[in-house]
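Here is how the chains run, residue by residue.
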Amino acid sequence: MDTRVREIVLRDSSTPAIPNLEMGGNVLVTRLDEIVNWARRNSIFPLTFGLACCAIEMMSSAAARFDLARFGMEVFRASPRQADLMIVAGRVSKKMAPVLRQIYDQMPSPKWVVSMGACASCGGIFNNYAIVQGVDQIVPVDVYVPGCPPSPDALIYALIKLQQKIRTQRLGMLLELTPRTEPPALETSDGTRAIEASDNEVSL
């Protein structure tokens, strides 16, 4: 003989009773922005993009002592198509600048950039013709990390600040652009503007 066990859920007077809800079920009410941003900020995949001595500190932040995996960012990807965070660690030469921009364009959206160290942020001690004076001239930067070189815990602090920024972002609206319906105007031999008839129009 089947025995049915019914869980008794106590509700106060301010909690509304939802009809057609199984007893003991859980209901989560939140915004879509909160869920998406929660998933994004806890599963950031950084890109392996070390350019100078700051890259040693970036590697140390993923090692056992600092353990970047505590924040869900331990998976450094070698492909820009699998990464959503570019950590520019080191000075950027003008020969490397178009390569950096190309890799940034290959990353899927949404994507973020962290400028690590004084050389990446403002050129540092390399105030000459060969070094880009700030990586923000090439790509948009979200968080700057000061220092020469900054310590691994400074990078972790910057990544926590990036997580706080991602938490406050709103989902963008998808805008669909309609094709232009007006046919283009053409110049005639006498200088007047004439409109070319489209193929679907019937001339009488």
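Note that this is a predicted model, so its numbers are computed, not measured.

**Q** Hey, could you run me through the side chain of Asp84 in this one?
**A** One can find Asp84 in the loop between helix H2 (54-61) and strand S2 (85-89). A polar side-chain atom of Asp84 sits 2.9 Å from the main-chain amide nitrogen of Phe45.

**Q** Explain the state of the cysteines to me, please; I cannot follow it from the model alone.
**A** Every disulfide links exactly two cysteines, by a covalent bond between their sulfur atoms. One pass over the full model with this rule turns up zero disulfides. Unpaired in this structure, Cys54 has its nearest cysteine sulfur neighbour in Cys53, at a distance of 5.0 Å. No disulfide involves Cys122; its sulfur sits 7.8 Å from the nearest other cysteine sulfur, which is in Cys119.

**Q** I would appreciate a short explanation of the pairing of S2 in the present structure.
**A** Where a strand is regular, its side chains alternate between the two sheet faces. Of all the five residues making up S2, five are buried; the element is thus mostly covered by neighbouring parts of the structure. Side-chain alternation along S2 places Leu85, Ile87 and Ala89 on one buried face and Met86 and Val88 on a second face that is also buried. Bridging between strand S1 (residues 46-47) and S2 involves two bridges; their strand directions are parallel. Of the residues in S2, the one forming a bridge with Pro46 is Leu85. Taken together, S2, helix H3 (residues 97-106) and strand S3 (residues 112-116) form a β-α-β motif whose crossover is right-handed.

**Q** Sorry if this is basic, but what is going on with the packing of H2 against helix H5 (residues 152-167) here?
**A** Relative placement of two packed helices is described by the angle separating their axes and the distance separating the axes. Where H2 contacts H5, the axes come no closer than 8 Å and their chain directions differ by 70°. What the angle tells us is that H2 and H5 run roughly perpendicular. Here Glu57, Met58, Ser60 and Ser61 of H2 lie close against H5, whose contacting residues are Pro152, Leu155 and Ile156. Broken down by class, the residue content of the contact of H2 with H5 amounts to four nonpolar, two polar and one charged.

**Q** How should I be thinking about the side chain of Asp33 in this particular structure?
**A** Along the chain, the position of Asp33 falls in helix H1 (residues 32-41). For Asp33, a relative accessible area of 9% corresponds to the buried category. Asp33 has contacts with Gln169, Arg170 and Leu171, leaving out every residue within four places of it along the chain.

**Q** Help me understand the environment of Gln133 in this model?
**A** Here Gln133 lies in the loop between helix H4 (118-122) and strand S4 (143-145). The exposure class of Gln133 is partly exposed, given its relative accessible area of 27%. Linking Gln133 and Ala118, residues 15 residues apart in sequence, is a C-alpha distance of 9.8 Å. Setting aside chain neighbours within four positions, we find Gln133 in contact with Cys122, Gly123, Phe126, Asn127 and Asn128. Within the structure, the side chain of Gln133 is placed 3.0 Å from the backbone oxygen of Ile131, a separation counted as a polar contact.

How each quantity is defined
- Residues numbered from 1 in each chain as written.
- Predicted model: local features only at pLDDT ≥ 70, side-chain atom pairs only at ≥ 80, totals over all residues.
- Heavy atoms only, no water.
- Helix = DSSP H or I, 4+ residues; strand = E, 2+ residues; numbered from the N terminus.
- Polar contact = N/O pair within 3.5 Å; in protein donor to acceptor, adjacent residues only side chain to side chain.
- Disulfide = S-S within 2.5 Å.
- Buried < 20%, exposed > 50% of the residue type's maximum accessible area, 1.4 Å probe, protein only.
- Pairing = 2+ DSSP bridges.
- Right-handed = clockwise from strand over helix to strand, strands pointing away.
- Axes fitted to C-alpha atoms, helices over the stretch in contact; angles between N-to-C directions.
- Parallel < 35°, antiparallel > 145°, perpendicular 65-115°, else oblique.
- Contact = heavy atoms within 4.5 Å.
- Nonpolar A, V, L, I, M, F, W, Y, C, P; charged D, E, K, R; others polar.

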